[in-house]
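# Notes for the structure review
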Amino acid sequence: MKHIDQLISRYPALSSCKKDIEGAAAALIQSFEKGGKLLVAGNGGSAADSDHITGELLKSFVKKRRPSADFIESLKKIDSETGAYLSDKLEGSLPAIALTNNSALMTASLNDVDGNVLFAQQVNGYGKKDDVFLGISTSGNSKDIVYATVVAKAKGLFTIALTGRDGGKLKPLADLSIVVPENETFKIQELHLPVYHALCLEVEEHFWKDER
């Protein structure tokens, strides 16, 4: 995987994670090929990372990602003018949902139940077999991410943890754990970004390999 090779060349400290990063890329590709989607969640800076990841997958990242000819034709058949406009503006997309933005559900969970289940509840609603849940926690011990991971596994999703330090509770719990070799929160987050960029690049390369 060339983008992961480039990642390791730029961040040699991540060499200890290379196998797990490659495994995560392969799991995402397999999920999308089967019609699955990515659910991703985190707290604080990791919530922002969740949005960042879905943004790279839902539209073009480094490639143009032209819609398929069949889809363009379908757009034009519905309305020729609108279809022509959309065929020039829309970009190829992969289904990814950041579980960090549903304010009505999250505030209801906080008020009525337990704020620590706000991601688990969404995984329960959205998740299905062939999906992937990516939980981001710098400590690996965030309760809401742990609970969401347990629900994801119970529903048959493939689970990935992106953590630091010793991986915390998530390391043995997730199907695959990427534990970056740092201990301070901000330093862990500094390594998380290039890791998930490499994952998004590998996925995009797989599905749009012929585009620039």
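Just above sits the structure.
The paragraphs below set out a description of the structure included in this document. (Residues numbered from 1 in each chain as written. Predicted model: local features only at pLDDT ≥ 70, side-chain atom pairs only at ≥ 80, totals over all residues. Heavy atoms only, no water.)

### Overview of the pairing of strand 5 (residues 176–179)
Every regular strand shows the same layout, with side chains that alternate between the two sheet faces. As a reminder, the rule being used: Note on exposure labels: buried denotes an accessible area under 20% of the residue type's maximum, exposed denotes more than 50%, and partly exposed covers the range between, all computed with a 1.4 Å probe on protein chains only. Elements are defined by DSSP. Helices are runs of H or I of four residues or more, strands are runs of E of two residues or more, and each kind is numbered from the N terminus. Here a strand pair is declared whenever DSSP counts at least two bridges between the two strands.
Along strand 5, one buried face is formed by Leu176 and Ile178 and the opposite face, lined by Ser177 and Val179, is buried too. Sheet topology note: the strand 4 (residues 158–163)/strand 5 ladder contains 4 bridges and is parallel. Within the sheet, the bridge partner assigned to Ala161 lies in strand 5 and is Ser177.

### Overview of the environment of Lys59
Basically, it comes down to this: Working rule for contacts: check all heavy atoms of both residues, and any pair within 4.5 Å makes them a contact. Each polar contact in these results corresponds to two N or O atoms within 3.5 Å; when the atoms are within protein, one needs to be able to donate a hydrogen and the other to accept it, and residues that are neighboring in sequence are counted only if both atoms are side-chain atoms.
For Lys59, the location among the structural elements is in the loop between helix 3 (45–58) and helix 4 (69–78). The class for Lys59 is partly exposed, based on a relative accessible area of 42%. Sequence-wise, Lys59 and Leu94 are 35 residues apart; in three dimensions their C-alpha atoms are separated by 7.6 Å. Excluding anything up to four places from it in sequence, Lys59 contacts Arg65, Glu91 and Gly92. Polar contacts involving the side chain of Lys59 include one to the side chain of Glu91, which spans 3.4 Å.

### Some remarks on the pattern of salt bridges
To be explicit about the condition: By convention in these notes, a salt bridge is any Lys or Arg side-chain nitrogen within 4 Å of a carboxyl oxygen on Asp or Glu.
Using the criterion set out here, one finds 10 salt bridges in the structure. Ionic pairing is found between Glu205 and Lys2, a salt bridge with its closest N-O pair at 3.8 Å. Here Glu205, found in helix 10 (residues 185–207), pairs with Lys2, found in helix 1 (residues 2–10); they are 203 residues apart in sequence, far enough to count as distant. Taking the relative accessible area as the measure of exposure, Lys2 reaches 45% and is therefore partly exposed. The closest approach of N and O atoms between Lys89 and Asp88, which form a salt bridge, is 3.7 Å. You can call Asp88 partly exposed: its relative accessible area is 46%. Each of the salt bridges in this network shares a partner with another, and the network as a whole consists of Lys2, Lys63 and Glu205.

### Some remarks on the packing of aromatic side chains
What describes a pair of aromatic rings is the distance from one ring centre to the other and the angle between the planes of the rings. The condition is simple: Each pair of aromatic rings taken from Phe, Tyr and Trp, with Trp reduced to its six-membered ring, is defined by centres within 6.5 Å and is described as stacked if the planes are under 30 degrees apart, edge-to-face if over 60, and tilted in the remaining cases. Think of it as a cone above the ring: NZ of Lys or CZ of Arg counts as a charge over the ring if it is within 6 Å of the ring centre and within 35 degrees of the ring normal.
Using the criterion set out here, one finds 2 aromatic pairs in the structure. Each ring, one from Phe32 and one from Phe207, has its centre 6.3 Å from the other, and the planes form 75°; the classification is edge-to-face. Separated by 175 residues along the polypeptide, Phe32 in helix 2 (residues 18–33) and Phe207 in helix 10 bring together distant segments of the chain. Among the aromatic side chains, those forming a connected cluster through ring pairs are Phe32, Phe207 and Trp208. In this structure, Arg65 is placed above the aromatic ring of Trp208, and the distance from its NZ or CZ to the ring centre is 4.5 Å.

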